[in-house]
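Here is what each chain is made of, one letter per residue.
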There are 2 protein chains.
Amino acid sequence: MASAENFDRAALEQLITKRFFYAPSFQIYGGVAGLYDFGPSGCALFNNIVSVWRNHFVLEEEMLEVDTSIMTTYDVLKTSGHVDKFSDYMCKDLKNGEIFRADHVIEAVLEARLQGDKEARSAKAGKTTEEIAADTAADAANKVDKKKKKKKGVVVAVELADDVRQSYEECLAQIDNFDGDELTAIMKKFEIRSPESGNELSDPKAFNLMFESLIGPTGQLKGFLRPETAQGQFLNFKKLLEFNNDKMPFASAQVGRSFRNEISPRSGLLRVREFTMAEIEHYVDPDNKDHPRFNEVKDIVLTILAKDVQLSGKTTTSQITVGEAVAKKIIDNETLGYFIARIHLFLAKIGIKNDRLRFRQHMDNEMAHYAADCWDAEIKTSYGWIECVGCADRSAYDLTVHSKRTGEKLIVREQLAEPRTVELWQVEINKKTFGPKYKKEAKAVEEALLALSDDQYATLAQELESNGVGSVQVNGAAVEVGKENVTVKKGTVTEHVREYTPSVIEPSFGIGRILYSLLEHSWWVREDDEARNVLSFPTIVAPFKCCLLPLSGNEQFVPFVRKFSRELRAAGISLRTDDSKASIGRRYARNDELGIPFAITIDFDTVQDGTVTLRQRDSTEQVRDSFENILKILKESN
Amino acid sequence: MASAENFDRAALEQLITKRFFYAPSFQIYGGVAGLYDFGPSGCALFNNIVSVWRNHFVLEEEMLEVDTSIMTTYDVLKTSGHVDKFSDYMCKDLKNGEIFRADHVIEAVLEARLQGDKEARSAKAGKTTEEIAADTAADAANKVDKKKKKKKGVVVAVELADDVRQSYEECLAQIDNFDGDELTAIMKKFEIRSPESGNELSDPKAFNLMFESLIGPTGQLKGFLRPETAQGQFLNFKKLLEFNNDKMPFASAQVGRSFRNEISPRSGLLRVREFTMAEIEHYVDPDNKDHPRFNEVKDIVLTILAKDVQLSGKTTTSQITVGEAVAKKIIDNETLGYFIARIHLFLAKIGIKNDRLRFRQHMDNEMAHYAADCWDAEIKTSYGWIECVGCADRSAYDLTVHSKRTGEKLIVREQLAEPRTVELWQVEINKKTFGPKYKKEAKAVEEALLALSDDQYATLAQELESNGVGSVQVNGAAVEVGKENVTVKKGTVTEHVREYTPSVIEPSFGIGRILYSLLEHSWWVREDDEARNVLSFPTIVAPFKCCLLPLSGNEQFVPFVRKFSRELRAAGISLRTDDSKASIGRRYARNDELGIPFAITIDFDTVQDGTVTLRQRDSTEQVRDSFENILKILKESN
């Protein structure tokens, strides 16, 4: 296999285009950045990855798969926080109007300056250009590179003062965490200009990444294309819990298209405007995040990069079993650990190489404020380490905000094994005097009295006790209440049911990114031959399992092609018949490029005795046997 | 099974909601018309229908499945005609602002008046209200009702003059074919007002049904959500033909989300704003639309409603084999006939009842101007006959317009078995004098000369012959050419290759409509019991194949649940474990409502001797056997 260093990406991209795994959408119209079409090979590979995903997660754990609307109303995404916060910052070349992502342009410029510094210092020390290049590659390989490559700045060999170099490096280490004001300040401080034209840039401006549209003919109902499939799952929580006969824990799942209107997408499938996600929302008791099947995965060894290591400025990974990671509290809880292990197994199953996979923990300042713990499965490609799966403990955030906004209770009611006694503040209202006193306001005052916090009850009880009157806030104004109307006291209550908002553990998969990584990990070049490409996909995801090749266009072969293809299909083996006029050798090479694991050749012996040749893609080994026996081999390997 | 007449739709809808097949999206936010979420049962049913579709069409015929972008640029949809023509007409209540689809509001009002007329006449004739209702139901059942029910007008028993009644009926028969001006005239002529408020309505105005958005941060690149998946396939024609080693005929296919911003969607899943289509584009030689596998389907009997029958004002269907229909030219060609037969087989396989399925041919005024022949698979539901699959011969229209607009050749080059000689007009340019004479314009003049039609060549040759000069249009202006610069004459050319733009046969499936029809066709009520719902889906599409039921929460059953569920999953049998506390009878009833064909019950005998009970959904028959034998039965029925 080709390794990540010195990876010949151009050659792979040529193969991807030639065998139509994918290509820019609307290419005959000039194409649009960030939109891609999957061709027959890419689409089949894609569908197979999704199918393995569905078997591995949904069927295995009886998850409740849903399929919700892409078009989403303003209210939903306002509540979830996407309307206000789902933005990147952009700035514009003040002369030619070119638009950049602010963080990317800062990165490009500072990295170019640091590179120039390195070259200047190396030149002083007498290193050759090759040595410098090798240093740089080694650096890049060690870097926590969650982004795809951005536009390169122009490298000029100028040495920097030590403190300047250090401030650049500090800035780059935190580049993901800056808000608009901070980005503006950085651009001013470091005099950042367009890396393309050298022109001045505008101040960074927030650009919301959701595609916007209008629903219906009135023009008054605003909608967005969903940026993730998760919200559709949260909104159905109540129905799903009921479908699950109110049993906890359980998970919902969804595979579907999502959209992000990227400012300037590059890097092929890694940063696109339209993509397929596969997301799981596993609902769990916040007081007990143990997992019943944790035992099945506890001995799996993970490669991890924990947050404390990153905080110390290092990127050294370590090997640890899931069981140990959870026991040592490196991974927060069993459920999170269980899913990280299951993600590991899934990626291995579809062909991601273990030595190019790591689980990186988010640092505290990277996570959303509500998240309890978050790990990314990062896959190493020629673009660096790419986040392909996120696995976050989102706590109760989403259900809480939607519940608050809609008034719909999104909770679990748990029958307690034994009733329990709790001390609670209780409010008694004297109906006789309360209504006449507050008239139309009576209901609002009563609601306000019932919704106080423990501290507020304590204060109110104290006021009533000592002064005979106290006050309560009703719609922003203080309203007086007297002890003749209201009694506030602590009492004990017996509860038979416990109500809670579950926590959500969310494994979230970017299928396109996984597919691209798999292409890189599967690709190699047969060197003993005339440099032929091979894509060694595991059989389970290969676009087609078998290729059927009649030796030539001879009429005698036709009935065999028909019969064998019928029997292969009946056995559930996906098939590509290649009866073109190319030589068998050329057709084998074509199969290798499509990653088809097996080829069956029909020749004149087949006509005589019913035997065929089976060729294995990776080894190129061939065996000859009756078609029936070959079919048996294929069935077993499927 | 419940029949289409007197169908209790409210009861089915209750079941659909209760078992979460689907529900309005964002329901806790109040929902939005025309947007639905599929719950676990609906999503699994949906995925299974798509999976059968993929096996039946894509794998069976080695179609080239693609997955193209939903977000589509303005240029593409301008060329395809959607920007200009993909509209419905809407009109507004001038007082309260309510918006109606113009054709729907005319239908509602005229049908209400006709109904009022019928009631008035019946009352005169002394019929009872029940008899009138029965007449109306029979009428409705016979009608060609391609639309979902629209808002009902208020029925007032007023008798109409015979000529008025006739003009209403004529108008209703053609309601699909009117343009904006005609709709306006009709609304004036028949004094159509809002059926809700009685207020005046605005003149009908075209409303484009595509959701619009902006791509990228500049705000200058307009995009639409695709209204069909077809265009993405046409744009990739060249790459697909190459992938197919230039072999013809071949088909591409795509399953994916499409969008239509309906003016006022109603009728549940039948008219929605976001939906999944499965479309096939089969490319075929326009001079030879025979199909190599036609023989396999020729004896299949179809129920058809041909255009000549409809033209004579009737809706009487007839039974005919595909072979005979093509031989008699009722169906235009073998390829179209082949796909109609394959659609018939597909719908039968997933459970659509044959006596509620017909193929209706489009009348000439219904078809797009470029279409050669078009048939809809219509399924009878409580909403009337619903178009669920279209099967059109789109001729070479799409490839031709995209090719013309982009300059990309979207053609097939066929190596001729024997070279052929053709007479062609030939243009010879005298390079010596041509360049100096036309200078900068030389290239444009040459191109214009090479692009004339046969008639234009004949005229030009005639002019040069008689006057020594002729003229040619270059960018809208006439340019003089003389015989000293140009010779135009007829000559023979030997061709080794034939170039042609293929015709496209397009079977196009609305998966949501098929799914809803299947729910109606599968639903019945067990009358010998306490009126229990059953959904008798064929095993191949049932949301879950098997339900696993431990008799109670007894700890002894747990290892058996674990073991059996593992083995069922390993055998590819999708599973729902129902270990809730409900009685076995109630859990069986729940399974019936989910359409699960088999239930396995684990009881104390299981603990003793490893036997289980298998219950069949439709018959409720039970057998007891070892788990291993039961598993064998399930495997065979899968």
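To keep things clear, this report deals only with the structure shown in the data block. (Residues numbered from 1 in each chain as written. Chains lettered and ligands numbered in written order. Predicted model: local features only at pLDDT ≥ 70, side-chain atom pairs only at ≥ 80, totals over all residues. Heavy atoms only, no water.)

1. Structural notes on the overall build of chain A
Using the following cut-off: Think of it this way: any DSSP run of H or I at least four residues long counts as a helix, any run of E at least two long counts as a strand, and we number them from the N terminus. Note on exposure labels: buried denotes an accessible area under 20% of the residue type's maximum, exposed denotes more than 50%, and partly exposed covers the range between, all computed with a 1.4 Å probe on protein chains only. The contact definition used throughout considers only heavy atoms, calling two residues in contact when any of these lie within 4.5 Å. We count Lys and Arg on the positive side and Asp and Glu on the negative side, and we leave His and both chain ends out. A single reference atom marks each charge: NZ on Lys, CZ on Arg, CG on Asp, CD on Glu.
The secondary structure content of chain A amounts to 23 helices and 28 strands. C-alpha extents for chain A along the principal axes are approximately 105 × 70 × 60 Å. In chain A, buried positions account for 55% of the 638 residues. Nonlocal contacts in chain A, meaning residues at least 24 apart in sequence, comprise 71% of its contacts between residues at least 6 apart. In chain A, 85 side chains carry a positive charge and 99 a negative one; their mean positions are 3 Å apart.

2. Things to note about the packing of helix H2 (residues 40–59) of chain A against helix H19 (residues 511–522) of chain A
Residues and elements named next belong to chain A. So the rule is basically this: To define axes, lines are fitted to C-alpha atoms, for helices over the stretch in contact only, and angles between the resulting N-to-C directions are given on a 0 to 180 degree scale. Just so you know how the angles are binned, under 35 degrees is roughly parallel, over 145 roughly antiparallel, 65 to 115 roughly perpendicular, and the rest oblique. Crossing chirality is assigned from the near helix's rotation relative to the far helix, an anticlockwise turn below a right angle marking it left-handed and a clockwise turn marking it right-handed. In this classification, Asp, Glu, Lys and Arg are treated as charged, Ala, Val, Leu, Ile, Met, Phe, Trp, Tyr, Cys and Pro as nonpolar, and every other residue, Gly included, as polar.
Running from N to C, H2 and H19 cross one another at 115 degrees; their axes reach a closest spacing of 11 Å. On the basis of their axis angle, the class for H2 and H19 is roughly perpendicular. The two elements H2 and H19 meet at a crossing, and its hand is right-handed. Taking contact as the criterion, the partners of Gly42, Leu45, Phe46, Ile49 and Val50 in H2 are, on H19, Ile511, Gly512, Leu515, Leu518 and Leu519. Of the residues in the contact of H2 with H19, the class split is 8 nonpolar, 2 polar and no charged.

3. As for the state of the cysteines
All names here are of chain B. What counts here: By disulfide we mean two sulfur atoms from cysteines, separated by a distance within 2.5 Å.
Scanning the model with the defined rule gives 0 disulfides over all chains in all. Of all cysteine sulfurs, the one in Cys547 lies closest to Cys546, which takes part in no disulfide; the gap is 6.9 Å. For Cys546, a relative accessible area of 0% puts it in the buried group.

4. Considerations on the relation of the copies chain B and chain A
Our working rule: Least-squares fitting of one copy onto the other uses the C-alpha atoms of those residues that reach a pLDDT of at least 70 in both copies.
Taken as rigid bodies, chain B and chain A are interconverted by a rotation of 180 degrees and an axial shift of 0.0 Å, the fit giving an RMSD of 0.2 Å. A rotation of that kind, with that shift, is consistent with a two-fold axis. For chain B, the minimum C-alpha distance to the rotation axis belongs to Ser213 of chain B and amounts to 2.7 Å. Of the interface residues in chain B, 100% have counterparts in chain A that sit at the interface too, so the contact is made through matching surfaces.

5. Some remarks on the nonpolar core
Convention followed: Nonpolar cores are built from buried Ala, Val, Leu, Ile, Met, Phe, Trp, Tyr and Cys residues. Side-chain atoms within 4.5 Å join them into one set.
Of all hydrophobic cores here, the largest spans 76 residues; its most connected members are Met71, Leu225 and Phe237 of chain A together with Met71, Leu225 and Phe237 of chain B. Among residues more than four places away in sequence, those in contact with Leu225 of chain B are Met71 and Leu225 of chain A together with Ile70, Met71, Phe211 and Phe259 of chain B.

6. Observations concerning the sheet that holds strand E7 (residues 205–208) of chain B
Residue and element names in this part refer to chain B. Note the cut-off: Strands are treated as partners if at least two bridges between them are detected by DSSP.
Strand order in the open sheet made by the 3 strands is E6-E5-E7, with antiparallel pairing throughout. The two strands at the open ends of the sheet, each matched to only one other strand, are strand E6 (99–101) and E7. Along the sheet, successive strands turn relative to each other by an average axial angle of 45 degrees, direction set aside. Examined bridge by bridge, strand E5 (residues 87–92) and E6 share 3 bridges and lie antiparallel to one another. By the bridge assignment for E6, Cys91 is matched with Phe100. Contacts from helix H5 (residues 102–125) reach E5 and E6, with the element oriented near 80 degrees to E6.

7. Structural notes on the environment of Leu548 of chain B
With respect to the helices and strands, Leu548 of chain B occurs in strand E24 (residues 546–550). Distance in space between the C-alpha atoms of Leu548 of chain B and Ile602 of chain B is 7.7 Å, their sequence separation being 54 residues.

8. Details of the interface of chain B and chain A
Our working rule: What gets called buried area is simply the loss in accessible area from a 1.4 Å probe that two parts show on being joined, summed for both. Salt bridge criterion: a side-chain nitrogen from Lys or Arg within 4 Å of a carboxyl oxygen from Asp or Glu. For this analysis, a polar contact is any N or O atom pair within 3.5 Å, provided that within protein one partner can donate a hydrogen and the other can accept it, and provided that sequence-adjacent residues contribute only side-chain to side-chain pairs.
Contacts between the two partners involve 80 residues from chain B, matched on the other side by 80 residues from chain A. Between chain B and chain A lies a buried interface of about 6800 Å² when both sides are counted; carbon and sulfur atoms form 58% of it. Area buried by chain B at its contact with chain A is led by Ile28, Tyr29 and Phe243 of chain B, which between them contribute 12% of it. Summed over the shared surface of chain B and chain A, the number is 6 salt bridges. Among the ionic pairs, Asp67 of chain B bridges to Arg257 of chain A, the shortest N-O distance being 2.5 Å. The tally of links from chain B across to chain A stands at 42 residue pairs in polar contact (both at pLDDT 80 or more). Of the residues assigned to the side of chain B that touches chain A, the class counts are 35 nonpolar, 22 polar and 23 charged.

9. Digging into the packing of H5 of chain B against helix H8 (residues 180–189) of chain B
All names here are of chain B. Where H5 meets H8, the axes come as close as 11 Å, and the angle between the chain directions of the two elements is 30 degrees. With respect to H8, the element H5 is oriented roughly parallel. Where H5 crosses over H8, the two elements pack in a sense that is left-handed. Contacts between H5 and H8 involve Ala102, Asp103, Val105 and Ile106 from the first element and Leu183, Ile186 and Met187 from the second. Each residue belonging to the contact of H5 with H8 can be placed in one class, and the counts come to 6 nonpolar, no polar and 1 charged.

10. Quick word on the pattern of salt bridges
The tally for this structure, following the rule as stated, stands at 96 salt bridges over all chains. Of the charged contacts in the structure, one is a salt bridge between Glu378 of chain B and Arg360 of chain B, with a shortest N-O distance of 2.8 Å. Separated by 18 residues along the polypeptide, Glu378 of chain B in strand E15 (residues 373–381) and Arg360 of chain B in strand E14 (residues 357–361) bring together distant segments of the chain. Look at Arg360 of chain B and you get buried, because its relative accessible area is 1%. Salt-bridge contacts for Lys489 of chain B lead to Glu428 of chain B; the nearest nitrogen and oxygen are separated by 3.6 Å. Taken together, the residues Lys489 of chain B in strand E20 (residues 486–500) and Glu428 of chain B in strand E17 (residues 412–429) connect sequence positions 61 residues apart. For Lys489 of chain B, a relative accessible area of 40% translates into the label partly exposed. Here the salt bridges share partners, and the residues they tie into one network are Asp88, Arg101, Asp103, Glu262 and Arg271 of chain A.

11. Details of helix H21 (residues 584–594) of chain A
In terms of residue burial, H21 of chain A counts as a mostly covered element, since 9 of its 11 residues are buried. All buried positions along H21 of chain A are accounted for by Ile584, Arg587, Tyr588, Ala589, Arg590, Asn591, Asp592, Glu593 and Leu594 of chain A.

12. With respect to the sheet that holds E24 of chain B
Residues and elements named next belong to chain B. Here 5 strands make up an open sheet; going across it, the order is E25-E24-E26-E27-E28 and the pairing mixed. In this open sheet, the two strands that pair with only one neighbour each are strand E25 (575–577) and strand E28 (622–626). Along the sheet, successive strands turn relative to each other by an average axial angle of 25 degrees, direction set aside. Relative to E28, strand E27 (residues 611–616) runs antiparallel, the two being bridged by 5 bridges. Looking at E28, one finds that Val612 is bridged to Asp625. Strands E24, E25, strand E26 (598–602) and E27 of the sheet are contacted by helix H20 (residues 558–570), whose axis makes an angle of about 170 degrees with E24. Packed onto the sheet, helix H21 (residues 584–594) meets E24, E25, E26, E27 and E28 and runs at close to 165 degrees relative to E24.

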